[in-house]
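# A look at the structure
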Amino acid sequence: MLDHEKSSDLLDSTMDVLNADPATSTPQSGTGVINSWLEELRKADNAADITNSLEQVKTQLESGEISAGELSDLFTTLATQTVEFSTRLGSEGDIAYRLEGLASALRSLAGQLGNQ
């Protein structure tokens, strides 16, 4: 199970990255927070799918040639997996609700990338 305080901090960091000004951020800006999520999610029993998708996003971001279409698809998949993961967490605190907000932000980003 994920640590509530660590998850809250990671959610805050993730939303900061997703809401950053595109003019001042780079695709690689998110790899640090992805690494932190991967570290936490590897401790969870039910996070293999979401961990795999995050690994693919990280690989895409670190590559020299980012495919907006592929990254859009990955963000859409990750959004769906995030919602599914949030339903498995139960009603502990506000994490499930915040994960749904994260999924919405991921879908929005996927839509922006898909329109490029």
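Everything numeric here is computed off the predicted structure, so don't read it as measured data. (Residues numbered from 1 in each chain as written. Predicted model: local features only at pLDDT ≥ 70, side-chain atom pairs only at ≥ 80, totals over all residues. Heavy atoms only, no water.)

### Points about the overall build of the protein
When helices and strands are counted, the protein shows 5 helices and 0 strands. Across the protein, helices and strands are ordered from the amino to the carboxyl terminus as α-α-α-α-α. Among the 116 residues that make up the protein, the fraction classed as buried is 38%. In the protein, the share of contacts with a sequence separation of at least 24, taken over all contacts with a separation of at least 6, comes to 63%. (Helix = DSSP H or I, 4+ residues; strand = E, 2+ residues; numbered from the N terminus. Buried < 20%, exposed > 50% of the residue type's maximum accessible area, 1.4 Å probe, protein only. Contact = heavy atoms within 4.5 Å.)

### Here we look at empty space enclosed by the protein
In total, this model carries 2 cavities of 30 Å³ or more according to the counting rule given. Approximately 50 Å³ is the volume found for the second largest cavity. If you trace the second largest cavity, you find it lined by Asn 46, Ala 47, Ala 48, Asp 49, Ile 50, Gln 81, Glu 84, Phe 85 and Arg 88. When contributions to the lining of the second largest cavity are tallied by element, the ones reaching two or more residues are helix H3 (48-62) and helix H4 (68-88). Ranked by residues supplied to the lining of the second largest cavity, first place goes to H4 with 4 residues. Of the residues that constitute the lining of the second largest cavity, the class distribution is 4 nonpolar, 2 polar and 3 charged. (1 Å grid on protein atoms, 1.4 Å probe; cavity = no way out; pocket = protein on both sides within 12 Å on 5 of 7 lines; lining within 4 Å. Points joined across faces, edges and corners; volume = space filled by probe spheres on them. Nonpolar A, V, L, I, M, F, W, Y, C, P; charged D, E, K, R; others polar.)

### Focus on the pattern of salt bridges
A full pass over the atoms with the stated rule returns 3 salt bridges. Across the pair Arg 42 and Glu 55 runs a salt bridge whose closest N-O atoms are separated by 2.1 Å. Of the two residues, Arg 42 sits in the loop between helix H2 (31-41) and H3 while Glu 55 sits in helix H3, which places them 13 residues apart along the sequence. Judged by relative accessible area, Arg 42 falls into the exposed class, the value being 52%. (Salt bridge = Lys/Arg side-chain N within 4 Å of Asp/Glu carboxyl O.)

### What about the nonpolar core?
Core analysis: the largest hydrophobic core is formed by 26 residues, its most contacted members being Trp 37, Leu 41, Leu 54, Val 57, Leu 71 and Phe 75. Where this core is concerned, the elements lending two or more residues are helix H1 (4-18), H2, H3, H4 and helix H5 (95-114). (Core = buried A, V, L, I, M, F, W, Y, C linked by side-chain atoms within 4.5 Å.)

### Describing H5
In an α-helix, one turn spans 3.6 residues; hence positions three or four apart end up facing the same way. Over its 20 residues, H5 extends 28 Å from the first C-alpha to the last, a length consistent with the 28 Å expected when each residue adds 1.5 Å. Among all positions of H5, only Ile 95, Ala 96, Leu 99, Leu 102, Ala 103, Ala 105, Leu 106, Ala 110 and Leu 113 are buried. Each buried residue of H5 sits inside an arc of 165° when the element is viewed along its axis, so together they form one side. The outward face of H5, more than 90 degrees from its buried face, is lined by the exposed residues Tyr 97 and Gln 112. Tucked inside the fold, the buried residues of H5 contact H1 and H4. (Expected span 1.5 Å × (residues − 1). Arc of directions from axis to C-beta.)

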